[in-house]
Amino acid sequence: MKIIRLALIIAISYSFVFSSEAQFRRRSETKTVTYEEMYNDPYDINKLFIGITPAYGDIHVSNITTGFGVDATYYLNDFMHFKAHARTPYFIGSDFARNSADKNGFDPQSRARTYFFAEASASYHIWDKEQEHESKIPLYSKNYEGAEWAAKVPQRADIPNKRREILFARLGGVYYQTTSELSRAIAAQDITVNPVGETEESANSLNADSEGPVFGNVIGAGVAVGGGFTWIKNFAAKPDKTYEELVDDHVFSTFLDLFIFPMVTVENFYHKPQGAADFMEYDASSINTFMFGGRIGIDGHFNRTLGWGYGAEIGVRPGLAQRGFYGLLKITFPMYGTKLDYSVEAFGR
């Protein structure tokens, strides 16, 4: 009886294994997709891209902001491209340091600055060449109904195409202004800040032991010098079967920049020390700043008349000493692209 039971168990196990193997073979069966190439030219892209950044998050040690902005990129033939970007918070509640200053009775004379960041750069193409490459493009069909596409592990086709590669060097200008909680910087630097006109430490002086938050404005301006690598594809094909068009029109960049900010200013600020009857103006020149920093990041978009883009970076932004680290994420949508070519050919009859 035991032998019969063991034989049944072995038989059932083998049938399960063979069934699973057969299903796996059916699922992993290679399909052939034929297609007609529609275009494949990474140099024939839009020249100008302008987009709205509806959401960004800037986590800086001295301030955290979320908000919106604008982006622009212009490609000048195959030897240069230009970029510009600006951003600001949605409202005071998404500008954390300024909001905290307002809630903690920040004196109006100090005029807490709204966070603002802007930069513009010009990039020179050290090399700009074309290479043969492949793209793994998901196969999608309109026959997939409802949630069927979401539940699928999409099949991918390896499609040969051309890829444009750009090694660039760039130089840009950067400006920012922000409200910051200076009491954290004062404590981290272990310094003493005296009221304007006082040179010796007194009961009104601010140091690491002072109670209550202290807020002030920081302004920075300088240059970003560095470079990066850009990969551009501009390919589309029409499969012969029921699949939709196969498209890869991604423009992707990595970059590394050095920040040099000759101007980093902490503005004099007003504060009401504990026990004082009124606000006092403080000399912010004793707060240490630094002028060198850097960043590494990525950004990308798609070569379409109406598309979207993205960006991410981390680094050290010049400003308050020991308060420079930051991280940034942003999404750009919609992004409008155009070749700036409005000419129309005309022929006589």
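Enquirer: Sorry if this is basic, but what is going on with the nonpolar core here?
Expert: The nonpolar side chains of soluble globular proteins are, as a tendency, buried together. Membership of the largest hydrophobic core comes to 25 residues, with the highest contact counts inside it found for Leu182, Val193, Leu206, Val266, Phe269, Ile287 and Leu320. Going through the elements one at a time, β6 (156-181), α4 (182-189), β7 (215-233), β10 (250-266) and β17 (325-338) are the ones with two or more residues in this core. Core analysis: the next-biggest nonpolar cluster, separate from the first, contains 8 residues, Phe49, Tyr75, Ile232 and Met335 among them.

Enquirer: Would you mind going over the sheet that holds strand β8 (residues 235-239) with me for this structure?
Expert: What links the strands of a sheet is backbone hydrogen bonding, and the strands pair in either a parallel or an antiparallel sense. One open sheet holds the 3 strands; their spatial order is β1-β8-β9, and the pairing between them is antiparallel. Edge positions in the open sheet fall to β1 (35-40) and β9 (246-248), since each of these has one partner strand only. Averaged over neighbouring strand pairs, the angle between their axes works out to 15 degrees when direction is ignored. Relative to β8, β1 is paired through 5 bridges, and the arrangement is antiparallel. The residue bridging Glu37 from the neighbouring strand is Ala237, located in β8.

Enquirer: Help me understand α4, please; the structure alone is not making it clear to me.
Expert: It helps to recall that an α-helix has 3.6 residues per turn; residues three or four apart then point in one direction. Listed in full, the buried residues belonging to α4 are Leu182, Ser183, Ala185, Ile186 and Gln189. Angularly, the buried residues of α4 cover 160 degrees about the axis, an arc narrow enough to put them on a single face. Buried residues in α4 make contact with β6, β7, β10, β11 (269-271) and β16 (319-320). Following α4 by one or two positions, Asp190 has its phi on the positive side, about 55 degrees.

Enquirer: Just to check I follow, could you spell out the environment of Tyr115 for this structure?
Expert: With respect to the element layout, Tyr115 can be found in the loop between α2 (96-103) and β5 (116-138). For Tyr115 and Ala97, which are 18 residues apart along the polypeptide, the C-alpha to C-alpha distance reads 9.1 Å. Dropping the residues within four chain positions of it, Tyr115 is found in contact with Tyr56, Asp58, Asn63, Thr65, Arg87, Thr88, Pro89, Asp95, Gln177, Thr178 and Arg317.

Enquirer: Which parts of the structure should I look at to understand unusual backbone geometry?
Expert: The general pattern is negative phi for most residues beyond glycine and trans for most peptide bonds. A cis amide bond links Phe333 to the next residue, Pro334, at an omega of 0 degrees. With respect to the helices and strands, Pro334 occurs in strand β17. Backbone geometry at Asp190 places phi at a positive 55 degrees, although glycine is not the residue there. Position of Asp190 among the secondary structure elements: in the loop between α4 and β7. On the accessibility criterion, Asp190 (63% relative accessible area) is exposed.

What counts as what
- Residues numbered from 1 in each chain as written.
- Predicted model: local features only at pLDDT ≥ 70, side-chain atom pairs only at ≥ 80, totals over all residues.
- Heavy atoms only, no water.
- Core = buried A, V, L, I, M, F, W, Y, C linked by side-chain atoms within 4.5 Å.
- Buried < 20%, exposed > 50% of the residue type's maximum accessible area, 1.4 Å probe, protein only.
- Helix = DSSP H or I, 4+ residues; strand = E, 2+ residues; numbered from the N terminus.
- Pairing = 2+ DSSP bridges.
- Axes fitted to C-alpha atoms, helices over the stretch in contact; angles between N-to-C directions.
- Arc of directions from axis to C-beta.
- Contact = heavy atoms within 4.5 Å.

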